[in-house]
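Structure at a glance
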Amino acid sequence: MAIPCKIAFAAAPNALSLYRSLILRPPPSSVAFRSITIMDNRQSHTTAAAGTDIDAIFTQKRALRSRVKKELKNMDPTLRSYEDNAIQNVILEAPWFKTCKRLCAYISCSALREVDTSNILSEVLQNPATDGHSLTGKKLYVPRVEDRNRNMRMVNISSVHDMIANSMNILEPAPVDADGNDREDVMQANDPVDVVLLPGLAFDKSGRRLGRGGGYYDTFLMNYQELAKERKWKQPLLVALSYSVQIMDDGVIPVTPTDVPVDALVTPSGLIPISTAAMEMCH
């Protein structure tokens, strides 16, 4: 018998759909809009205003990042350890995690005060599915940053020994395996990913996620979602891991059209489903 999801509390089922429609809505194409854009002086004012709005959003993001980083730094170590274990247990015990065959997951960094994923990765790597079709194992892809231009790949690993420390002392997969072969990139894989476990600095219950400002995850997620759409695959479930102090009130996190919303949050209290897909996975 399936084990029900441990849900922290309810969320509005249409919140993510509304949010996505707002941030992804194309520019208006009405006659009124066109009449404005043909007037050079008004167009320049409109462009300047839009730039000002974006600048204001980035300023708000920087301020919120600074605030959350301070709260994470001041978090009691005992509480942090408790929440790390609680969050990972929620995931490890969840039916949607147990049944997934392929997933992307971040390698937590204690210096960045990210929610720990070591237990999750250890569980997966103890029984990897090298072909992606094992009845019990899972195929795991983890991030490798290629440059400073938002280029991040998710590549397959099957052992903790596949990871090395980069220049920032953050663990990431070595570019080639023990035999000298390039690691499989999830963008070239023959099968879709079921779940993506995401880090972040702040989240809210409508699906907004505030990252660290590099844009690596948003860029990867947009590219993978487009790939899944082209191949007519089911979109992966985007699940963010969040300490209690990282959950913001709705509307606090500013967004731009390139910010990809998440489907669900996992907190120490349980799962917060946001999207319709996340709601369905708990029934």
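Residues numbered from 1 in each chain as written. Predicted model: local features only at pLDDT ≥ 70, side-chain atom pairs only at ≥ 80, totals over all residues. Heavy atoms only, no water.

Focus: the pattern of salt bridges
Heads up, the condition is: Definition used for salt bridges: Asp or Glu carboxyl oxygen within 4 Å of a side-chain nitrogen of Lys or Arg. Every helix listed is a DSSP run of H or I at least four residues long, and every strand listed is a run of E at least two residues long, numbered separately from the N terminus. With a 1.4 Å probe rolled over the protein chains alone, any residue whose accessible area is under 20% of its type maximum counts as buried; one over 50% counts as exposed, and the rest are partly exposed.
In the structure shown here, the tally under the stated rule is 9 salt bridges. Here Asp259 and Lys61 are joined by a salt bridge, their closest N and O atoms 2.8 Å apart. Linking Asp259 in the loop between strand S9 (237-241) and strand S10 (264-267) with Lys61 in helix H3 (residues 40-73), this pair joins segments that are 198 residues apart in sequence. Owing to a relative accessible area of 7%, Asp259 belongs among the buried residues under this scheme. What makes Lys61 buried here is its relative accessible area of 6%. Its salt-bridge partner being Asp162, residue Arg183 comes within 3.5 Å of it at the nearest N-O pair. Residue Arg183 is found in the loop between strand S5 (171-173) and strand S6 (195-198), and its partner Asp162 is found in the loop between strand S3 (152-157) and strand S4 (163-165); the two are separated by 21 residues along the sequence. On the basis of relative accessible area, Arg183 is assigned to the buried category, the value being 10%. Salt bridges sharing common partners tie together Arg144, Glu146, Arg153, Glu172 and Asp185.

Here's the deal with the layout of surface pockets
Quick note on the threshold: Here a cavity is any set of points on a 1 Å grid over the protein atoms alone where a 1.4 Å probe fits but cannot get out, and a pocket is any open set with protein on both sides within 12 Å along at least 5 of 7 lines; a residue lines the site when it has an atom within 4 Å of a point. Grid points are joined across faces, edges and corners, and a volume is the space filled by probe spheres set on the points. Three residue categories are used. Nonpolar comprises Ala, Val, Leu, Ile, Met, Phe, Trp, Tyr, Cys and Pro, charged comprises Asp, Glu, Lys and Arg, and polar comprises the others, including Gly.
Looking at the largest pocket, its volume works out to about 1100 Å³. Lining the largest pocket are 40 residues, with Val145, Arg212, Gly214, Gly215 and Tyr216 positioned closest to its centre. Counting residues per element, the ones that place at least two in the lining of the largest pocket are H3, strand S2 (139-145), S5, strand S8 (209-210) and helix H7 (216-230). The leading source of residues in the lining of the largest pocket is H7, at 5 residues. In terms of residue class, the lining of the largest pocket is made up of 17 nonpolar, 10 polar and 13 charged.

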